[in-house]
Amino acid sequence: MTWLNVKSHLKTCQTAKRYWHRVMKSPNGLTEKFASMYASEAWVGRKASPVGWLCAQRRFVGSFMKWMQLYLIETNLPDYLIIVDDDTYMNIQHITEYLLQQPGPKKSHVQSPQIPVVYAGCKRIGDPRSESFWNFPFGGFGTFLSQGSLRRWMRPLHCHKNTTSNISVIALNDDNINDSIFEYNMCQKYLHIEKLSNPHNITIGESHHFKTGDSLNKVFTKYMGSLVGSTQPFCLHSDWFFGYVANYLNLSRIDNSASNLNFVSPNNRLHALLGDSTFYRRQVQGQCMHGNGLGPNKNDACKGNATICHY
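Residues numbered from 1 in each chain as written. Predicted model: local features only at pLDDT ≥ 70, side-chain atom pairs only at ≥ 80, totals over all residues. Heavy atoms only, no water.

S.K.: Hey, could you go over a positive patch on the surface for me, with residue numbers and the actual values?
M.R.: Together, K11, K17, R18 and R22 give the surface a local cluster of positive charge. Its place among the elements puts R22 in the loop between α2 (16-21) and α3 (29-37). (Patch = residues over 30% accessible without salt bridge, like charges linked within 9 Å, V, L, I, M, F, W, Y side chains within 5 Å. Areas by Shrake-Rupley, 256 points an atom, 1.4 Å probe, with all protein chains shown as cover. Salt bridge = Lys/Arg side-chain N within 4 Å of Asp/Glu carboxyl O. Lys, Arg positive; Asp, Glu negative; His and termini not counted. Charge placed at Lys NZ, Arg CZ, Asp CG, Glu CD. Helix = DSSP H or I, 4+ residues; strand = E, 2+ residues; numbered from the N terminus.)

Shown next as structure tokens:
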């Protein structure tokens, strides 16, 4: 791939009608936002390897599906699957104490690993006034998927007639941890999408690959496979992918935490690590201050007492 190829890739991804409307057949407020937020030529040009960065986005997401497939062989899911960059620092003792120890008064929002919750090491929060409210794991600080979330990701969606005969607004808005309701909601989303309203009808085009009995892992394996050998690019930043599956595929419970940077919304399901690791406009809290030049001292942000930081 040459620099000219890189520029062509970026231009395609920045044009919603060219990519999300015509290729992925998923025109909606969220994909419009993806196009407007996609990496600029100047930003990618500052990377040590612009080509490498583009390839890494697709490779990262594809690798997640392959890794999850291995759990079908092992049959045992971990308490948490932690996904971080190779230049991320993490104090695993802090993480273990936070996620697995008996929750105390300051950790009342921490759920059991069996509950479907996706955490971001640093949660980037979008404009809450937007119809397609958007947040995602930011800047290499990592994504933490609970066993409950992984179980949903691997669950076959059989969509029996008795579970898909009627649209139920109550079920679609339900934050119940029952996996049967999760299956019902996903079947409505993929089989009756034309009857749903925002945010339940938002996809990134993967619904076109769904067949009854598929798990989400199978759906996205086919989704990514459709791009192999194709001239079409992959137009997601890798951390956006985890933001999408957490917020719009109900892989995580609604975030009702008390952080003053948090906004209650049916598609605000990504949780901030330690409860307050958030980044909204110029307001930076918690672990987000440790790395990426976001802290008060940009030259020495990764402190020894940090739980997680990104160089």
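Read on for the rest.
S.K.: Break down the packing of helix α7 (residues 147-154) against helix α11 (residues 216-225) for me, citing the residues and quoting the values.
M.R.: For the pair α7 and α11, interaxial distance at closest approach is 5 Å and the crossing angle is 65°. Contacts between α7 and α11 involve R152, W153 and M154 from the former and L216, N217 and F220 from the latter. The residue makeup of the contact of α7 with α11, split by class, is four nonpolar, one polar and one charged. (Axes fitted to C-alpha atoms, helices over the stretch in contact; angles between N-to-C directions. Contact = heavy atoms within 4.5 Å. Nonpolar A, V, L, I, M, F, W, Y, C, P; charged D, E, K, R; others polar.)

S.K.: Please set out unusual backbone geometry residue by residue, giving values where relevant.
M.R.: With an omega of 5°, the peptide bond running from N198 to P199 counts as cis. Mapped onto the secondary structure, P199 falls in the loop between α10 (179-191) and α11. One non-glycine residue, K25, adopts positive backbone phi at about 50°. The topology assignment puts K25 in the loop between α2 and α3. Residue classification places K25 among the exposed positions, given a relative accessible area of 53%. One non-glycine residue, N250, lies in the positive phi region at around 55°. Within the secondary structure, N250 sits in the loop between α12 (238-248) and β7 (270-272). Residue class for N250 comes out buried when judged on its relative accessible area of 13%. (Buried < 20%, exposed > 50% of the residue type's maximum accessible area, 1.4 Å probe, protein only.)

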